[in-house]
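Residue-level structure breakdown
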Amino acid sequence: MSTGTEQGRFADVSIQEVIGWLLLAVVGLLVLDLIRQVLVGELPLGRLWAFTWNGIVDSLYIGLAAIGLSMTYSILRFANFSHGDLITTGAFTGWTAAYLVGGIGIAELSSRLLLRADGGAQPGAVGMDVVSAPIAIVLGLLVAAVLTILVALAIDRLVYRKLRDASGITLLIASVGVALALRYIIALFYTTDTRGVVASSPQWEMPAFVPIETINLHEATLVISALSLIVGVHLLLQYTKLGKSMRAMSDNKDLALITGIPTERVIFATWVIGAGLAGVAGYLIVLDRGQVTINLGWFLLLLIFAAVILGGIGSIYGALAGSLVIGLTINLSLIWIPSDLNEIAAFTLMIVVLIFRPDGLFKGVETA
């Protein structure tokens, strides 16, 4: 009798669950190995902290972009593949504005306007860092947000508004077309060359009693900017009439319309917030990495989607949690695997989570 019961239990276990348990066992072994390396001194605490800090920095710019993608899905109900190229738009427009201001008297106008497409003055010569050109850097950040919002609103008016009642697949395919068009319009003006646009980051010397010797000021700027925006989005969603309307529409669009919520206004706000955050994310990524390329957002899009899916599609707080997991995973995995394979670790962890929680960490919550 008991044998039959046990056989029934084994029969109920799917192949996916078996794979999930095996992958979970591998993750557990890696955690134990990490602890072992720290205890025996193979992995210095300084190096572990560096991996962790880099993971936090990466998770913040992924999180900014993931919020916008999650909002688009929860309000408009489609996976926006052009979101990555909005990130690229923010990177190019923001840094063009920074160069136009910071490079006055140093580089030719044409070189500044095309963001060194002609190989003009080097970033170091222009002094393109947060200490030498703070006004240019801040102005570029604002321009990145504003122009990306304008581009997103134009795309909505020209493409997505006409497809408002279309199926998710139709909108998804349309967004792929928009992504390609936007990327190659950028390439038409700026060329396809990858180039450095940010000078080396200044370092802030810390007092002797602090365990960290120096602070990278570009990373610090990214962290402060991203956290401020995330807190701002939280306050807007939780404590304003617009935020409550957005959460209501995310739950049930038809009911929101019946109760008098101006849905077009909510959609407008969704594009403004989502595109603005994407533009800022693109700008800050370049501030951290130092280089800009037309494929910047496209290459990040899979990680952003992974964060959104991992956290629970449609949940903004889930997107942030997923971004933190993804950012830490791709950096801590460097302890065992080379950098060109580290994204595999993030997607493997996503698979493990989804096998046991198919709706994501926040269990499919579709409210903000």
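Just so it is clear, the structure is predicted and the values come from calculations on it, not from any experiment.

1. What about the packing of helix H4 (residues 83–102) against helix H7 (residues 134–160)?
Axis angle and axis distance: for two packed helices, these are the angle between their axes and the distance between the axes, and together they describe the pair. Where H4 meets H7, the axes come as close as 7 Å, and the angle between the chain directions of the two elements is 140°. Accordingly, the angle class assigned to the pair H4 and H7 is oblique. Viewed along their axes, H4 and H7 form a crossing whose handedness is right-handed. Residues Leu86, Thr89, Gly90, Thr93, Gly94, Trp95, Ala97, Ala98, Val101 and Gly102 of H4 lie in contact with H7, whose contacting residues are Ala136, Ile137, Leu139, Gly140, Val143, Ala144, Leu147, Thr148, Val151, Ala152 and Ile155. Of the residues assigned to the contact of H4 with H7, the class counts are 14 nonpolar, seven polar and no charged.

2. With respect to helix H10 (residues 241–251)
What sets the pattern is the α-helix's 3.6 residues per turn: residues three or four places apart point alike. Within the span of H10, buried status applies to Gly243, Ser245, Met246, Met249 and Ser250. All buried residues of H10 project into a common sector of 160° when viewed along the axis, lining one side.

3. What about a nonpolar patch on the surface?
On the surface, Leu29, Val31, Leu32, Ile35, Leu39 and Val40 cluster together into a nonpolar patch covering about 630 Å² of accessible area. Tracing the backbone through its elements, the reader meets Leu32 in helix H2 (residues 15–40). Judged by relative accessible area, which is 55%, Leu32 ranks as exposed.

4. Describing the packing of aromatic side chains
The tally for this structure, following the rule as stated, stands at seven aromatic pairs. Their ring planes at 45° and their centres at 4.8 Å tell us that Phe92 and Tyr190 sit as a pair that is tilted. Here Phe92, found in helix H4, pairs with Tyr190, found in helix H8 (residues 168–190); they are 98 residues apart in sequence, far enough to count as distant. For the pair Phe92 and Tyr190, a shared accessibility class is recorded, and that class is buried. With a centroid separation of 5.5 Å and 5° between ring planes, the pair formed by Tyr160 and Trp271 is classed as stacked.

5. Comments concerning the environment of Leu284
With respect to the helices, strands and loops of the structure, Leu284 is situated in helix H12 (residues 263–289). The spacing of Leu284 and Ser225 is 59 residues in sequence and 8.6 Å in space, taken between C-alpha atoms. Not counting the four nearest positions on each side in its chain, Leu284 is found in contact with Leu64, Leu141, Leu222, Ser225 and Ala226.

6. A look at the UniProt feature "transmembrane region" (unreviewed entry) in the chain
Feature annotation in UniProt assigns "transmembrane region" (unreviewed entry) to the following positions: residues 18–39, 59–79, 86–107, 133–155, 167–190, 220–237, 266–286 and 292–310. As a span, residues 220–237 carries 100% helix and 0% strand, and end to end its C-alpha atoms are 26 Å apart. End C-alpha to end C-alpha, residues 266–286 measures 30 Å, and it is 100% helix and 0% strand.

7. Some details on the pattern of salt bridges
By the definition in use, this model includes three salt bridges. A salt bridge links Asp33 to Arg36; the nearest nitrogen and oxygen atoms lie 2.9 Å apart. Placement of both Asp33 and Arg36 in helix H2 is noted, with a separation of three residues, approximately one turn of the helix. Take Arg36: its relative accessible area is 36%, and that puts it in the partly exposed class. A salt bridge links Arg36 to Glu42; the shortest N-O distance between them is 3.1 Å.

8. Quick notes on helix H14 (residues 316–332)
Here H14 spans 24 Å end to end across 17 residues, near enough to the 24 Å set by a 1.5 Å rise per residue. Three or more residues of H14 are buried, namely Ile316, Gly318, Ala319, Gly322, Ser323, Ile326, Gly327, Thr329, Ile330 and Asn331. In this structure, the buried side of H14 is in contact with helix H3 (45–76), helix H9 (217–239), helix H13 (296–311) and helix H15 (342–356). For H14, the side-chain oxygen to backbone nitrogen distance between the N-cap and Gly318 is 2.9 Å, and the N-cap itself is Ser315.

Calculation notes
Residues numbered from 1 in each chain as written. Predicted model: local features only at pLDDT ≥ 70, side-chain atom pairs only at ≥ 80, totals over all residues. Heavy atoms only, no water. Axes fitted to C-alpha atoms, helices over the stretch in contact; angles between N-to-C directions. Helix = DSSP H or I, 4+ residues; strand = E, 2+ residues; numbered from the N terminus. Parallel < 35°, antiparallel > 145°, perpendicular 65-115°, else oblique. Left-handed = near helix turned anticlockwise from the far one by under 90°. Contact = heavy atoms within 4.5 Å. Nonpolar A, V, L, I, M, F, W, Y, C, P; charged D, E, K, R; others polar. Buried < 20%, exposed > 50% of the residue type's maximum accessible area, 1.4 Å probe, protein only. Arc of directions from axis to C-beta. Patch = residues over 30% accessible without salt bridge, like charges linked within 9 Å, V, L, I, M, F, W, Y side chains within 5 Å. Areas by Shrake-Rupley, 256 points an atom, 1.4 Å probe, with all protein chains shown as cover. Salt bridge = Lys/Arg side-chain N within 4 Å of Asp/Glu carboxyl O. Phe/Tyr/Trp six-rings, centres within 6.5 Å; stacked < 30°, edge-to-face > 60°. UniProt positions renumbered as here; feature names shortened; annotations may be inferred. Expected span 1.5 Å × (residues − 1). Polar contact = N/O pair within 3.5 Å; in protein donor to acceptor, adjacent residues only side chain to side chain.

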